[in-house]
Structure formats: C-alpha cells, structure tokens
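# Report on the structure
Take a look at the letters that make up each chain.
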Amino acid sequence: RDSFFVINSASQFPRAAQLNRHGIIVQGLPEEGSEMCPKQGADGWTDWWFLPDHPHLKGGDMLEFYHKYVALSKNDRKPLMLAFAQGGRFALSRERIHARPRSYYEKLLVA
C-alpha cells in the first residue's frame, strides 16, 4: 500500500454541507479512539462553522477550486461529495507524493 487515510468526514459541494465524525450518525461504525471532541462535550462548540468568514462560505467556489487545483479537470458544475481525512490524518509513500510534479503542490499552497 502506498497510502492510508482515516476517512472521517465528507463535504457536499457546492452547498458545503459537511458531516464529521460519522460514528455519531452511522450505527455500528467501529470506534478507533476514546477521546471526546471537543473535550468539553457539546458545550465546547462555537458558532465558527456558521460565521460569514468561515472558509467554506467566503470568497470562493469550492467546486471551481476542486476542479482547478485537485482534479485538474473542467468544472462541469455537477454536485460533488468528497470524503476526506479531517485534520490531516493520513500517510503517503514517497512514490505517491512524487507521482505529481512539485509545481502541483506549489499551486495548492498559494491557491
């Protein structure tokens, strides 16, 4: 294997509706840890997700970003569901990283 991702979140674009911690909703999903997030329980959450300056809500089209910088394809404007490892919990082999040119990653950093 040249990659390992703990897929624990999904977002639907263009709406930016997101589901985190599938184990809260999907019955029978095995638990991989015993920590609570946030540590204070439900009272530890803020309104950050709903604020107008949240990254999902301001200044951009997430579908356009995905097609331009990730998929490197033409934006067909069809809704898209992406599952991902929230918080960067993943591992990749050197070969997988080197499968794309350095310029690909440099463009992502400045996008």
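Above this text is the structure in question.
This one's a predicted model, so the numbers in the text were calculated from it and none came from an experiment.

Rules and cut-offs
- Residues numbered from 1 in each chain as written.
- Predicted model: local features only at pLDDT ≥ 70, side-chain atom pairs only at ≥ 80, totals over all residues.
- Heavy atoms only, no water.
- Helix = DSSP H or I, 4+ residues; strand = E, 2+ residues; numbered from the N terminus.
- Buried < 20%, exposed > 50% of the residue type's maximum accessible area, 1.4 Å probe, protein only.
- Contact = heavy atoms within 4.5 Å.
- Areas by Shrake-Rupley, 256 points an atom, 1.4 Å probe, with all protein chains shown as cover.
- Pairing = 2+ DSSP bridges.
- Axes fitted to C-alpha atoms, helices over the stretch in contact; angles between N-to-C directions.

## What to know about the overall build of the chain
Within the chain, the secondary structure is distributed over 3 helices and 5 strands. Secondary structure elements of the chain occur, N-terminal to C-terminal, as β-β-β-α-β-β-α-α. Burial status across the chain gives 16% buried among its 111 residues. A fraction of 58% describes how many contacts in the chain between residues 6 or more apart in sequence connect residues 24 or more apart. Carbon together with sulfur atoms contributes 58% to the accessible area of the chain, which is approximately 9100 Å² in total.

## Some remarks on the environment of F5
Mapped onto the elements, F5 comes out in strand 1 (residues 3-5). Residue classification places F5 among the partly exposed residues on the basis of a relative accessible area of 39%. With 86 residues separating them along the chain, F5 and A91 place their C-alpha atoms 6.6 Å apart.

## Examining the sheet that holds strand 3 (residues 17-20)
Strand order in the open sheet formed by 3 strands is 3-2-4, and the pairing between neighbours is antiparallel. Each end of this open sheet is capped by a strand with a single partner; those strands are strand 3 and strand 4 (80-84). When strand polarity is set aside, the average angle formed by the axes of neighbouring strands in this sheet is 15°. Bridging between strand 2 (residues 9-13) and strand 4 involves 5 bridges; their strand directions are antiparallel. In the strand pairing of strand 4, F13 is matched with L80.

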